[in-house]
Structures are given as C-alpha cells and as structure tokens.
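The primary structure of each chain is shown beneath.
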Amino acid sequence: MTLYRLPPLPTIREIIKLYNLRAEKQLSQNFLLDLKLTDKIVRKAGNLKNAYVCEVGPGPGGITRAILNTGVEELLVVEKDTRFIPGLKMLNEASLGKVRIVHGDILTYRMDRAFPNHLKKAWEDDPPNVHIIGNLPFNVSTPLIIKWLEEMANRTGPFTYGRTPMTLTFQCEVAQRMTAPTGGKQRSRLSIMTQYLCQVKHCFSIPGRAFVPKPEVDVGVVHFTPLIKPKIDQPFKLIEKVVQSVFQLRRKYCYRGVSLLFPEEQRTQLTEQILTLANVEPTLRPSELSMKHFQGLCNAYRELCDRDPSLFSYNFREELRQKKKMKGQDIQINEESETL
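Residues numbered from 1 in each chain as written. Predicted model: local features only at pLDDT ≥ 70, side-chain atom pairs only at ≥ 80, totals over all residues. Heavy atoms only, no water.

(A) Focus on the side chain of R187. Along the polypeptide, R187 turns up in the loop between α6 (172-179) and α7 (189-195). A polar contact of 3.2 Å, which involves the side chain of R187, links it to the side chain of T182. Within the structure, the side chain of R187 is placed 3.4 Å from the backbone oxygen of L289, a separation counted as a polar contact. (Helix = DSSP H or I, 4+ residues; strand = E, 2+ residues; numbered from the N terminus. Polar contact = N/O pair within 3.5 Å; in protein donor to acceptor, adjacent residues only side chain to side chain.)

Listed below in structure tokens is the structure:
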C-alpha cells in the first residue's frame, strides 16, 4: 500500500512543453508518458519503501515520479542530458529533498560511492536495500549491462553493496536473448553471460506506440537478481572469451566456434582436447549448449590455459586482421558473427 504521494504536479507532457524538450534520435531517447506503465515498471522492482534507489537516465521524470511515490528514502538520478535537470530539480523540491541529481554519464559514474556504507551486506545475505531502475536508451543498454555483469562477477560498482537487484528496459529482442532457454531461437552469448550470474526475468513488454517518439521496436522490462553462487566459477573475462568464440559462428556446429580459441597450428588438437574434457558433442549448435556445457568448456579452457598461459592471449580476430593486412585486403570479420 502506497503511504506517500507527491503533491499535484504538471503532467509529463506539460513538463516536455514547459522546458521545450525533444527526444534526441542520436541519443536513442524515447519518452514514456503513460504513468500507469511507469508505475508498473517500478512495481516489478519490489518493495521500495525506505529504499535507496538509483535511476538511470530519468529524462522528463515519469519513472522518477513512480519511484518517489513508493516512499523511498533517497533517489539518486544520473542524467547525462542537461535539458532534463530543471524538471528533476522540480521533483526534488516536490519530494522535500529526496532526489539527489548527478549530471553525468552512468558508464563512468562511480556506483561504488553512490550510497552510504551502512547499506552494504555480505554477498550470501539477502539483497541490500539498494535498487537500480532505468528506462535505458537503446544505444547504451547493451554496453551498460555488460559493464554491470562484469562488476557483478567482481563484486564491484553497485555490487559492493551486495546482490543489488536491477529493473531495466531493453529492446524486446535483447530482453528475449537474456532470458532465452537452451535450444531457444534467441539463445545467444548474452543469454549465457546474464544467466550464469543472475536470476533474470522478462517481466512484461511495452508496445513501441506507448513511447514518444515511437521506436521501431517494442520494449521489454527485465528484472535481475544476482545469484549467490554463479553457475560458472571462472573469471568473467575467461567466460566472456569462451562464450564469444562459441557464438562467433552461431549457425555452424559448436566445434567450429570453439576452435577459434586456439592458434591455427594447434587448433585441431586443442579443439579435440577441450571438447573431450568438457564432454561436449562437437556437432551441437551453439544455441543447443546448456549452461552445464558452457561450465565444462570454461573449466576445460582454464585447464589448457594453466598448462600453456600463452593461449589466453591468443585472439582470433587479431590474427585475422594481421593476415588481411599482410595481403593488403580490407578487414572483414565473418558475417555470421553475432552482435549482442
């Protein structure tokens, strides 16, 4: 039950008109004006009463209002676009100083310093009373979630406070990739990188027509809760390299992608070794590999790298670039390579 309500305020449309705001296409900005939808997004974050919340890219403040109406203790907003700062200051005044405004880029902001130290919890405990919420611009959503996944693995950034939950928006296709099951059409490297670290849930989808301007795609709301114990117990960079290689040739048998982990002169021998050690059938497609398969591949790759440390520094793309350069050809990575 909501115990706190903001005083009457101009509507989001009125705020946009008042401050002459326009969504910038080059910044992938889309405004969500329906306050019923912003409330629904915030409800998926769970109980926020007396919580400390960081909102990423609040824009004109639709989700900001919904967060404040839950009775949070403090709301930190990180906004890169100066045009939105006056409207956010108005919300700070209306909430009697509960909004702390940071004008900056979330990709470089030090989240480990965002909140008081007394909020920190042991990783094995319940999640801390800290939450991250955001309607992310499409151009920042994937690099940001990869950054946060790495920080989650290393327990840095927002995860210095413990298993900080996140409720974020993405293009629907990206949301589907994050939650895709083994064998699913959308199974990708993003599926593995999120699911090995998090309990990840695609909460609901928002049609593109709900946004201004209307994007060409629908939007998915995704909730992340870090796992106490990751499903693969290896360094993030090692897992990322293995998973990226496997999905490099996503339409081929998995042994083709796995082979790209190794220099050409050792490729056949080491590919056979890693698949045998990991107990992975070489003719499975990348999307058919389970988390257990990836766990086996990462553990086997670690074993091979421990025997020969030079293996980890090998980079197939760099080798390809050098070959192309020597032949005076244009650089072109295989067209089947998957983007996140």
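(B) Looking closely at α6. Among the residues making up α6, those that are buried are C172, V174, A175, R177 and M178. Taken together, the buried residues of α6 touch α5 (138-154), β6 (166-171), α7, β7 (198-206) and β9 (219-226). (Buried < 20%, exposed > 50% of the residue type's maximum accessible area, 1.4 Å probe, protein only. Contact = heavy atoms within 4.5 Å.)

(C) Region of the structure containing the pattern of salt bridges. Evaluated as defined, the whole model comprises eleven salt bridges. Across the salt bridge formed by R177 and E173, the nearest N and O atoms sit 3.1 Å from each other. Of this pair, R177 and E173 are both found in helix α6, four residues apart, which corresponds to roughly one turn of the helix. The salt bridge involving R321 is made with E318; its shortest N-O contact spans 3.9 Å. You can see R321 and its partner E318 sitting in helix α13 (residues 316-327), three residues apart, about one turn around the helix. (Salt bridge = Lys/Arg side-chain N within 4 Å of Asp/Glu carboxyl O.)

(D) Region of the structure containing a positive patch on the surface. Judged by side-chain charge, K40, R43, K44 and K201 come together as a positively charged surface patch. Examined against the element boundaries, K44 turns out to sit in the loop between α2 (35-43) and β2 (52-56). (Patch = residues over 30% accessible without salt bridge, like charges linked within 9 Å, V, L, I, M, F, W, Y side chains within 5 Å. Areas by Shrake-Rupley, 256 points an atom, 1.4 Å probe, with all protein chains shown as cover. Lys, Arg positive; Asp, Glu negative; His and termini not counted. Charge placed at Lys NZ, Arg CZ, Asp CG, Glu CD.)

(E) The packing of aromatic side chains, seen in detail. Counted under the stated rule, the structure contains six aromatic pairs. If you follow K241 out to its NZ or CZ, it ends over the ring of F312, 5.0 Å from the centre. (Phe/Tyr/Trp six-rings, centres within 6.5 Å; stacked < 30°, edge-to-face > 60°. Lys NZ or Arg CZ within 6 Å of the ring centre and 35° of its normal.)

(F) Geometry of the sheet that holds strand β4 (residues 99-103). An order of β4-β3-β2-β5-β6-β9-β7 is seen for the seven strands of this open sheet, with the pairing classed as mixed. Two strands in the sheet have a free side with no partner beyond their single neighbour: β4 and β7. Neighbour-to-neighbour, the strand axes of this sheet turn through a mean angle of 20°, independent of strand direction. Here β2 pairs with strand β3 (residues 74-79) via five bridges, running parallel. When the bridges of β3 are listed, V53 appears paired with L75. Sheet strands in contact with α2 are β6, β7 and β9, and its direction is about 170° off that of β7. The strands touched by α5 within the sheet are β2, β5 (130-134), β6, β7 and β9, with β6 carrying the most contacts at an inclination of about 140°. (Pairing = 2+ DSSP bridges. Axes fitted to C-alpha atoms, helices over the stretch in contact; angles between N-to-C directions.)

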